[in-house]
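Report on the structure
Below are the chains, spelled out letter by letter.
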Amino acid sequence: RSLVVVHFWAPWAPQCAQMNEVMAALAKEHTQVTFVKLEAEAVPEVSEKYEISSVPTFLFFKNSQKVDRLDGAHAPELTKKVQRHASSSSVSAGSNDSVKEDLNVRLKKLINAAPCMLFMKGSPKEPRCGFSKQMVEILNKRGISFSSFDIFSDEEVRQGLKKYSNWPTYPQLYVSGELIGGLDIVKELEASGELDTVCPKAQKLEDRLKILINKAPVMLFMKGSKQMAKCGFSKQIIEIINSTGVDYETFDILEDEEVRQGLKTYSNWPTYPQLYVKGELVGGVDIVKELKESGELLPILKGEN
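Please read all numbers here as calculations on a predicted model, not as lab measurements.

Now for the packing of aromatic side chains. Applying the stated criterion to the full structure yields five aromatic pairs. Seen from their ring centres, phenylalanine 221 and phenylalanine 251 are 5.7 Å apart, and the 45° between their planes marks the pair as tilted. With phenylalanine 221 in strand E9 (residues 218-222) and phenylalanine 251 in strand E10 (residues 249-252), the pair connects residues that are 30 residues apart, well separated along the chain. What makes phenylalanine 221 buried here is its relative accessible area of 0%. For phenylalanine 251, a relative accessible area of 15% puts it in the buried group. Aromatic ring contacts, followed pair by pair, group Phe119, Phe149 and Tyr174 into a single cluster. For lysine 226, the ring lying beneath its charged end belongs to tyrosine 248, and the centroid distance is 4.2 Å.

Dropping the structure here:
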């Protein structure tokens with residue numbers, strides 16, 4: 001069949017069960033689409049290949065090629081993506097205008113997703129063309145803070161952005177929603193010294209981590225949020241902290257790879273979740289369990305110990 005939707009899920013995550021119900025409803029509506037469930041932790045090689053770092057995650061395949069993905073339990077977005085991909089091969093002439101309009105809205109959101117946005121082939125860690133690699137090297141060398149979008153991950157964006165920006169090649173660099181240009185223009189801006197004034201400077205990672213750790217008296221760095229944990233250990237630790245009644249803030253390390261990797265080195269603690277009180281590391285789920293059992297957790301969370 002033309003479209004296959006694969007749901008990477010885990011039995012411990014309630015949001016996955018909810019999304020399975022959404023998939024079942026979509027399957028009745030779109031009989032031409034194949035829906036598949038895969039337990040992410042039971043197929044580690046597949047999960048690693050497709051960079052599944054949280055559940056639920058949905059991958060979309062057409063003719064054995066990955067054409068899209070959706071991370072998280074977003075039922076309206078899943079419905080939209082299924083409808084779009086299922087109908088893209090049989091779009092009638094009359095609906096072309098609305099499809100174009102929807103794509104333009106999406107492109108505008110992506111361009112404005114960060115103050116400095118790079119549309120490239122691959123990722124900053126693994127560029128998949130020489131021009132993208134050079135662009136990343138220039139931005140990193142100048143200490144410029146940027147987010148990126150892999151145009152190989154979405155053919156619709158790849159083709160649509162060329163028309164939207166009237167720029168036929170990649171990479172493309174945008175600042176504050178405005179197109180700066182491709183590699184040649186960025187090289188010229190660097191040579192003239194203008195690049196530093198055009199693009200926002202990156203905050204030093206260590207300074208950024210200190211600010212995040214001290215954002216609240218009790219800070220939990222976890223996979224997901226207190227409303228929706230995305231791993232079993234994170235789920236356990238928020239249940240323990242919730243039972244104390246103490247206020248706390250969370251940071252989803254799946255949303256920021258720089259923080260995810262940097263905090264391990266900064267705190268010399270290799271795993272997540274990580275709990276901090278008044279800027280000091282308390283530990284992970286095992287230590288928090290021990291403190292709870294010994295009666296020491298509440299005084300520590302209140303900053304009394």
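This part is about the packing of helix H1 (residues 14-29) against helix H3 (residues 75-87). To describe two helices that pack against each other, one gives the angle between their axes and the distance between the axes. The N-to-C vectors of H1 and H3 enclose an angle of 30°; their axes lie 11 Å apart at closest approach. In terms of orientation, H1 lies roughly parallel with respect to H3. For H1 against H3, the interelement crossing comes out right-handed. Residues Met19, Val22, Met23, Leu26 and Glu29 of H1 pack against Ala75, Leu78, Thr79, Val82 and Gln83 of H3.

Parameters at a glance
- Residues numbered from 1 in each chain as written.
- Predicted model: local features only at pLDDT ≥ 70, side-chain atom pairs only at ≥ 80, totals over all residues.
- Heavy atoms only, no water.
- Phe/Tyr/Trp six-rings, centres within 6.5 Å; stacked < 30°, edge-to-face > 60°.
- Helix = DSSP H or I, 4+ residues; strand = E, 2+ residues; numbered from the N terminus.
- Buried < 20%, exposed > 50% of the residue type's maximum accessible area, 1.4 Å probe, protein only.
- Lys NZ or Arg CZ within 6 Å of the ring centre and 35° of its normal.
- Axes fitted to C-alpha atoms, helices over the stretch in contact; angles between N-to-C directions.
- Parallel < 35°, antiparallel > 145°, perpendicular 65-115°, else oblique.
- Left-handed = near helix turned anticlockwise from the far one by under 90°.
- Contact = heavy atoms within 4.5 Å.

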